[in-house]
Amino acid sequence: MADGLQTVKNWILERHPERDDIAPDLDLIENRLIDSLSFVEFVFLLEQESGTAIQMETLEVESIRTLGAIGRHFFTTRVEVQA
């Protein structure tokens, strides 16, 4: 797991001490691990850790629904393939 993604996971776990872990495919929104009160802080953390500016008006909820999706959308290194 990328360091930034681990930081995001730790941030969520700190706010939910009843949890020991979060599965990569657990729906964070449906399970209320990210709610409307923590959403802005969560997006700010995600921006800081990934180095990606996030435009709220174009943010697709599917890209932040699970840790797996967050990893794919914000922490995967994109390598250009040269022919």
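Here's a quick rundown of the structure. Position numbers for residues count from 1 along each chain, tracking the sequence in the order it is written. Reporting of local features is limited, given that this is a predicted model, to residues whose pLDDT is at least 70; pairs of side-chain atoms are given and counted only at 80 or more, and all residues count toward the totals for whole chains, interfaces and linings. As a convention, hydrogens and water are excluded, and side-chain values are obtained from all of the structure's heavy atoms.

A word on the overall build of the protein chain
By the criteria applied, helices consist of DSSP H or I runs no shorter than four residues and strands consist of E runs no shorter than two, each listed in order from the N terminus. Scanning the protein chain from N- to C-terminus turns up 3 helices and 0 strands. Secondary structure elements of the protein chain occur, N-terminal to C-terminal, as α-α-α. Atoms considered for the radius of gyration are the C-alpha atoms alone. The globule rule reads 2.2 Å times the number of residues to the power 0.38. The C-alpha atoms of the protein chain give a radius of gyration of 13 Å, which matches the 12 Å a tight globule of 83 residues would have. The dimensions of the protein chain, computed from C-alpha atoms along their principal axes, are 50 × 30 × 20 Å. The contact definition used throughout considers only heavy atoms, calling two residues in contact when any of these lie within 4.5 Å. A separation threshold of at least 6 residues defines the contact pool for the protein chain, and within that pool the share at least 24 residues apart is 53%.

Observations concerning the nonpolar core
Counting residues in hydrophobic clusters, the biggest one holds 20 residues, and the most contacted among them are I12, I22, L28, F42, L46 and I70. If you list the elements that add at least two residues to this core, you get helix 1 (3–15), helix 2 (39–50) and helix 3 (67–74). Considering each element in turn, this core owes the most residues, 5 residues, to helix 1. For I12, the residues in contact, after removing those within four places along its chain, are I22, L28, L33, I34, F42 and L67. As used here, the term nonpolar core means buried Ala, Val, Leu, Ile, Met, Phe, Trp, Tyr and Cys residues forming a set that is joined through side-chain atoms within 4.5 Å. Exposure is judged per residue with a 1.4 Å probe applied to protein chains only, and the accessible area is read against the type maximum: over 50% gives exposed, under 20% gives buried, and values in between give partly exposed.

Brief notes about the environment of I54
Considering the arrangement of structural elements, one finds I54 in the loop between helix 2 and helix 3. When the C-alpha atoms of I54 and F44 are compared, they prove to be 8.4 Å apart, with 10 residues separating the residues in sequence. Not counting residues within four places of it along the chain, the set of residues in contact with I54 comprises V43, L46, E47, L59 and F74.

Points about helix 2
The span you would expect from a helix comes to 1.5 Å times its residue count less one. Between its first and last C-alpha atoms helix 2 spans 16 Å; for 12 residues at 1.5 Å apiece the expected length is 16 Å, and the two agree. Those residues of helix 2 not exposed but buried are F42, V43, L45, L46 and S50. Projection of helix 2 onto a plane perpendicular to its axis shows the buried side chains occupying an angular sector of 160°, all on one side. Phi turns positive, to about 75°, at G51, one or two residues after helix 2. Directions are taken from the helix axis to each C-beta atom, and the arc is the one they span.

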